[in-house]
Amino acid sequence: MNQQFIPMRLLTVSALLRHLPEEHPKFSIVESDFIKRQAGWRGEQKLSYYLDALPQQFHCLYNLRLSAHIQTPFEIDALIISPFALYIVESKNYFGTIYFDSVFNQFIRLKGEHQEGFPNPLVQATRHKDRLAAWLSFRHLVCPPIQCLISIANTETLIKASSKDNEIGRMVCHAEQLVAKIIKNAQSYTQQLLDATQLYKLEKLLLSDHTEPETDVLAQYSISAADLLYGVQCSRCRCFTMKRIARSWKCNRCGHADPAAANQMMLDYFLLFGKTMTNSQCRNFLKVPSRHVVARIRKQMGLEIGGSGCGIGLHYLMPNHQYFHQNYQLWRKQ
Ligand SMILES: [Zn+2]
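This is a predicted model, so every value here is computed, not measured.

### Quick notes on the overall build of the protein
- Broken down by element type, the protein carries 11 helices and 14 strands.
- For the protein, the spread of C-alpha atoms along the principal axes amounts to about 70 × 55 × 35 Å.
- Looking at the 334 residues of the protein, the share that counts as buried comes to 48%.
- A total accessible area of about 17,200 Å² is found for the protein, and carbon and sulfur atoms account for 51% of it.
- Each charge class in the protein can be summarised by its mean position, and for the 38 positive and 27 negative side chains these summaries are 8 Å apart.

### Concerning the side chain of His174
- Relative to the elements of secondary structure, His174 occurs in strand 9 (residues 172-174).
- One polar contact links the side chain of His174 to the main-chain carbonyl oxygen of Thr157, over a distance of 2.7 Å.
- Leaving out residues up to four positions away in the same chain, His174 has contacts with Ile152, Asn154, Thr155, Thr157 and Ile159.

### Some points on the coordination of the zinc ion
- Here the zinc ion is held by Cys234 (SG), Cys237 (SG), Cys251 (SG) and Cys254 (SG), and the distances to it run 2.3 to 2.4 Å.
- Bound by 4 donor atoms, the zinc ion shows angles of 104 to 119° at the metal and therefore tetrahedral coordination geometry.
- Written as a sequence motif, the donor arrangement for the zinc ion is C-x2-C-x13-C-x2-C. Of this pair, Cys234 sits in the loop between helix 7 (217-220) and strand 10 (242-245) while Cys251 sits in strand 11 (residues 248-251), and the two are 17 residues apart along the sequence. For the pair Cys234 and Cys251, one class covers both residues: buried.

### With respect to helix 10 (residues 291-301)
- By the burial criterion, the buried members of helix 10 are Val293, Val294, Ile297, Arg298 and Met301. Each buried residue of helix 10 sits inside an arc of 140° when the element is viewed along its axis, so together they form one side. Exposed residues pointing more than 90 degrees away from the buried face of helix 10 are listed as His292, Lys299 and Gln300.
- Put simply, Ser290 is the residue that caps the front of helix 10, since its side-chain oxygen is 3.1 Å from the backbone nitrogen of His292.
- Note on helix 10: the residue one or two positions beyond its end, Gly302, has a positive phi of about 75°.

### Digging into the pairing of strand 14 (residues 314-317)
- Bridging between strand 12 (residues 276-277) and strand 14 involves 2 bridges; their strand directions are antiparallel. Bridging across to strand 14, Met277 finds its partner in Tyr316.
- Relative to strand 14, strand 13 (residues 305-307) runs antiparallel, the two sharing 3 bridges. Among the inter-strand pairings, Gly307 is bridged to a residue of strand 14, identified as Leu314.

### Overview of the packing of aromatic side chains
- Inspection of every chain in the model, using the stated rule, returns 13 aromatic pairs.
- With 5.4 Å between their ring centres and 90° between their planes, Phe34 and Trp331 make a pair best called edge-to-face. Residue Phe34 is found in helix 2 (residues 27-51), and its partner Trp331 is found in the segment after helix 11 (321-327); the two are separated by 297 residues along the sequence. Neither Phe34 nor Trp331 differs from the other in exposure class; each is buried.
- The rings of Tyr230, Tyr269, Phe270, Phe273 and Phe285 are connected pair by pair, giving a single aromatic cluster.

### Brief notes about the nonpolar core
- Counting 50 residues, the largest nonpolar core has Leu16 and Leu286 as the members making the most contacts within it.
- For this core, the secondary-structure elements that each account for two or more residues are helix 1 (8-19), helix 2, helix 7, strand 11, helix 8 (261-273), helix 9 (279-286), helix 10 and helix 11.
- A per-element tally of this core places helix 8 first, with 9 residues.
- Per-domain counts for this core show at least three residues from each of domain 1 (8-209) and domain 2 (230-327).
- Counting residues in hydrophobic clusters, the runner-up holds 18 residues, among them Phe58, Tyr87, Leu149 and Ala186.

### Focus: the sheet that holds strand 5 (residues 106-111)
- Across the sheet, 4 strands lie side by side as 6-5-4-8; this open sheet has mixed pairing. The sheet is open, and its two borders are formed by strand 6 (114-118) and strand 8 (158-161), each paired with just one other strand. Taking the axes of each pair of neighbouring strands and ignoring which way they run, one obtains an average angle of 25° across the sheet.
- Bridge count for strand 4 (residues 97-101) against strand 5 is 5 bridges, and the pairing is antiparallel. Among the inter-strand pairings, Ile98 is bridged to a residue of strand 5, identified as Arg109.

Cut-off values and rules
- Residues numbered from 1 in each chain as written.
- Predicted model: local features only at pLDDT ≥ 70, side-chain atom pairs only at ≥ 80, totals over all residues.
- Heavy atoms only, no water.
- Helix = DSSP H or I, 4+ residues; strand = E, 2+ residues; numbered from the N terminus.
- Buried < 20%, exposed > 50% of the residue type's maximum accessible area, 1.4 Å probe, protein only.
- Areas by Shrake-Rupley, 256 points an atom, 1.4 Å probe, with all protein chains shown as cover.
- Lys, Arg positive; Asp, Glu negative; His and termini not counted.
- Charge placed at Lys NZ, Arg CZ, Asp CG, Glu CD.
- Polar contact = N/O pair within 3.5 Å; in protein donor to acceptor, adjacent residues only side chain to side chain.
- Contact = heavy atoms within 4.5 Å.
- Donors = N, O, S within 2.8 Å, 3.2 Å for Na, K, Ca; no water.
- Tetrahedral: all angles 85-135°; square planar, octahedral: opposite > 155°, others 65-115°.
- Arc of directions from axis to C-beta.
- Pairing = 2+ DSSP bridges.
- Phe/Tyr/Trp six-rings, centres within 6.5 Å; stacked < 30°, edge-to-face > 60°.
- Core = buried A, V, L, I, M, F, W, Y, C linked by side-chain atoms within 4.5 Å.
- Domains from an automatic or database assignment.
- Axes fitted to C-alpha atoms, helices over the stretch in contact; angles between N-to-C directions.

So, in structure tokens, the structure goes:
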């Protein structure tokens, strides 16, 4: 995508966490996944902040997820297309010291006394490079040089390598040095490989092949829908104790009033259960008896209606990714 949105996987984990009781045996696993994904998202936001400084002829596509038909889909944090080369950028948000061991191809994070191994981002980026080349060849497109870069979001993170490995120095840098690195690399090419029309065509093709991941978050964690908390959550005390009073919602526990309290719940439903929701499913999820109340919220949120007939055959459709990006409040600890 040429716009950066909160990743769908972060949204679905957030929805699950909001409706999962803290005493649930899976709560801590889901919470730690959420924290990791949220750190990743912060790293990606930092990345786009720096990439905004690239000259106009460099186009950035974020979280592009391509299927090469012959392989399983692959997702690139940022793909920069330029007249000279393509740049795959993988963003990593680690704190402390990171260590690239090129002898055993390991990637280790050191934080105080604690050492933790992670999948090597160099291996991941190289795999993405091969897949992107296969994607281009599958479409009989010119394959410009593809460069892989690893962006370390936090400038205080210390980067170390096991040897004076030029490959690591060439590929890894802090996010704030990324633009200078890309421009320097682009200047090493003596001629443009793609003209403006070819660039436009390539960008259009890449965007048209982008697909959102199908995420069944309940199945992913083997959590039953019956384990979840239903009702309308209070945005202040976090209890599911909001009651409908005169076109608004009021918390039975702390007295907080919020006319839009149910909107988050509607969005959570789509993230947890799928792309459609009937009026009856919504009433069950919000614990609201009136179908008119649900219909009113739907209208106020601007959700589209699908299906046929008038009433029973109809359902509400999940809004697009941009809508979630603009309207969704991520889960936060009480
Ligand atoms: Zn409350």
